[in-house]
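# Geometric and topological summary
One-letter residues, chain by chain:
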Number of protein chains: 2
Amino acid sequence: MTTIFSIEDEEALVSLLEYNIKASGFKFEHSTNGYDAMMKLQKSNPDLILLDWMLPDIAGTEVCKFVRSNKDLKNTPIIMLTAKGEEQDLLSGFEMGCDDYITKPFSPAELIARIKALLRRSSDDSREMILSYGNIKLDTGSHRVYCCDEEAKLGPREYRILEFLMKNPGRVYSRQQILDNVWGTNVYVTDRTIDVHIRRLRKALSNTEECKVIRTIRSSGYSLDTNS
Amino acid sequence: MTTIFSIEDEEALVSLLEYNIKASGFKFEHSTNGYDAMMKLQKSNPDLILLDWMLPDIAGTEVCKFVRSNKDLKNTPIIMLTAKGEEQDLLSGFEMGCDDYITKPFSPAELIARIKALLRRSSDDSREMILSYGNIKLDTGSHRVYCCDEEAKLGPREYRILEFLMKNPGRVYSRQQILDNVWGTNVYVTDRTIDVHIRRLRKALSNTEECKVIRTIRSSGYSLDTNS
DNA sequence: GACATTTTTAACATAACTGTAACATTGACA
DNA sequence: TGTCAATGTTACAGTTATGTTAAAAATGTC
């Protein structure tokens, strides 16, 4: 689960943060001072850090510097919290590598919006690449699929199933695994539904014999493989 | 040539600025008071403005407000010059849309460094170039779009969407990505709004069949691509 | 402040996709 | 070979995503 780590000493604010962050479906962790934070951060390895610029022990810049120089944490986005009137800190903040800032007092909605925006920006599942197996090519950048150099027209679900299977060609996935990865967990869908989508996928990839690469492993599932 | 416009009344400082700015290869222009500056800025249309916060006639905020509300100047970066001890001005400065500040006295090296940093940042957006894809050409200098050699009339938003899509032809962007990049992060706009703009964009680019290059990827987003 | 332009929302229409059920087929095993 | 369970196939109806239009809201302009 996506984890937000807050470094903030003001109790009332911590409660507010915790409530809103949890309500938005994130995991919440926190420290009330800089040294504690530096210890915990290493283990926690959160997805985003909320950093109060005014801490009881050390300056926010120091925490920032620590994060940026740490191998595991260096790419973790940081949002700094500053009080009204501390705008001159913004420059040093950005220079130290903060990604965004928000001025106290702030609305929870705004904070959540900024958190989500930053997470979006730093998430890397939008990488472009070309997966290929046999005569099938799948371009995640343009969402196009080619089968023996002809474009295959797939529905969104079929596309995602194929993308999933192509990440590990040859490997057998159970219907449940396919469901979890393509539909998402806790979704109520019959197993038979998968068969239907597999059918559609096969149909779309049937230009030539070499394109028929979805193998049924009876009582186990499906895989991308030569049918042999 | 890149032009730096200074608004500063202290003669000694003007000489210092002029010398260093010219030595760094920029063109130097200046005014010694706010009203004069507002008149000259319009014609000069500089690449960056150095604004002393304490002017003999009007407050720096007023000049700032003027620049930001002027069609041609609104994107010009502003560095404000403040005297030590005027830190409280920074708040209003940033609120008015200043991009950076520097406290007097400052080292010429630091000033030049900040100028260059700001120019770099703003040049990414304002570099003039002609993007082209298929029969569509987009001139970022004149903000004109040609579709099969005829000019297409686009609204500002449509223009920016097209410009964004043209930076990576073929690549699929989700509505959220389009929002982040065209509207900016943490903006509350419905997804449907994008569809409407896409509709207008398509309408404007429909001279011929070859001009219809916005592809819908159901449940994923849009891309600039042949529809095949 | 009135006007024109642009942007956003809302409502509805249309097209595309999805899941289910019902039935057909296949393969394993006694 | 008959039986059973698993999978293949098909068609359809419900659902969802997108297209389209118009009007309200916001913004810029004179």
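Please read these numbers as outputs of a predicted model, since none were measured by experiment. (Residues numbered from 1 in each chain as written. Chains lettered and ligands numbered in written order. Predicted model: local features only at pLDDT ≥ 70, side-chain atom pairs only at ≥ 80, totals over all residues. Heavy atoms only, no water.)

### Digging into the overall build of chain A
Scanning chain A from terminus to terminus reveals eight helices and 12 strands. By principal-axis analysis of the C-alpha atoms, chain A measures approximately 70 × 35 × 30 Å. For chain A, with 228 residues in total, the buried portion stands at 46%. If you take every contact in chain A between residues at least 6 apart in sequence, the share linking residues at least 24 apart comes to 54%. Carbon and sulfur atoms make up 48% of the accessible area of chain A, which amounts to about 11,900 Å² in all. Of the charged side chains in chain A, 31 are positive and 34 negative; the average position of the first set lies 10 Å away from that of the second. (Helix = DSSP H or I, 4+ residues; strand = E, 2+ residues; numbered from the N terminus. Buried < 20%, exposed > 50% of the residue type's maximum accessible area, 1.4 Å probe, protein only. Contact = heavy atoms within 4.5 Å. Areas by Shrake-Rupley, 256 points an atom, 1.4 Å probe, with all protein chains shown as cover. Lys, Arg positive; Asp, Glu negative; His and termini not counted. Charge placed at Lys NZ, Arg CZ, Asp CG, Glu CD.)

### Comments concerning the side chain of Ser-31 of chain A
Residues and elements named next belong to chain A. Secondary-structure assignment places Ser-31 in strand E2 (residues 27-31). One polar contact links the side chain of Ser-31 to the main-chain amide nitrogen of Ala-37, over a distance of 3.4 Å. Every residue in contact with Ser-31, bar those within four places of it in the chain, is listed here: Phe-5, Ser-6, Ile-7, Glu-8, Asp-36, Ala-37 and Lys-40. (Polar contact = N/O pair within 3.5 Å; in protein donor to acceptor, adjacent residues only side chain to side chain.)

### Describing the sheet that holds strand E6 (residues 130-133) of chain A
All names here are of chain A. If you trace the four strands from one edge of the open sheet to the other, you get E6-E7-E8-E9, paired in antiparallel fashion. The sheet terminates laterally at E6 and strand E9 (150-152), the two strands that pair on one side only. Going across the sheet, the axis of each strand differs from the next one's by a mean of 25°, ignoring polarity. Relative to strand E8 (residues 144-147), strand E7 (residues 136-139) runs antiparallel, the two sharing four bridges. Bridging across to E8, Asp-139 finds its partner in Arg-144. Sitting on the sheet, helix H6 (residues 156-166) is in contact with E6, E7 and E8, with an inclination near 110° to E7. (Pairing = 2+ DSSP bridges. Axes fitted to C-alpha atoms, helices over the stretch in contact; angles between N-to-C directions.)

### Details of the domain arrangement of chain A
With domains assigned, chain A is organised as domain 1 (3-122) and domain 2 (130-224). Of note, the centres of domain 1 of chain A and domain 2 of chain A, computed from C-alpha atoms alone, are 41 Å apart. (Domains from an automatic or database assignment.)

### Section: the protein's contact with DNA strand D
Around DNA strand D, the structure places 26 residues, and the nearest of them are Arg-199, Ser-219 and Tyr-222 of chain A together with Arg-199 and Tyr-222 of chain B. What you see for DNA strand D is that sugar and phosphate hold 63% of its atoms within 4 Å of the protein. Take Arg-218 of chain A: an N or O atom from its side chain is 3.3 Å from a base nitrogen of DNA strand D. Here Arg-175 of chain B contributes a side-chain N or O atom positioned 3.2 Å from a phosphate oxygen of DNA strand D. When contributions to the surface near DNA strand D are tallied by element, the ones reaching two or more residues are helix H8 (191-204) and strand E11 (214-217) of chain A together with helix H8 (191-204) and strand E10 (214-217) of chain B. Considering every element that reaches the surface near DNA strand D, the biggest residue donor is H8 of chain A, with six residues. Here the surface near DNA strand D is composed, by residue class, of six nonpolar, six polar and 14 charged. (Near = heavy atom within 4 Å. Nonpolar A, V, L, I, M, F, W, Y, C, P; charged D, E, K, R; others polar.)

### Digging into the packing of helix H7 (residues 175-183) of chain A against H8 of chain A
How two helices pack is summed up by the angle between their axes together with the distance between the axes. Residues and elements named next belong to chain A. Where H7 meets H8, the axes come as close as 10 Å, and the angle between the chain directions of the two elements is 75°. Considering their axes alone, H7 and H8 lie roughly perpendicular with respect to each other. Facing H7, whose interface residues are Arg-175, Leu-179 and Trp-183, H8 presents Asp-191, Thr-193, Ile-194, Asp-195 and His-197. Looking at side-chain class alone, the contact of H7 with H8 contains three nonpolar, two polar and three charged residues. (Parallel < 35°, antiparallel > 145°, perpendicular 65-115°, else oblique.)

### Some remarks on unusual backbone geometry
In the Ramachandran plot, His-143 of chain A falls in the positive-phi region, its phi being about 55° despite a non-glycine side chain. Relative to the helices and strands, His-143 of chain A is located in the loop between E7 and E8. Here the phi dihedral of Asp-149 of chain B falls at roughly 65°; this positive angle occurs in a residue that is not glycine. Within the secondary structure, Asp-149 of chain B is located in the loop between strand E8 (144-147) and strand E9 (150-152).

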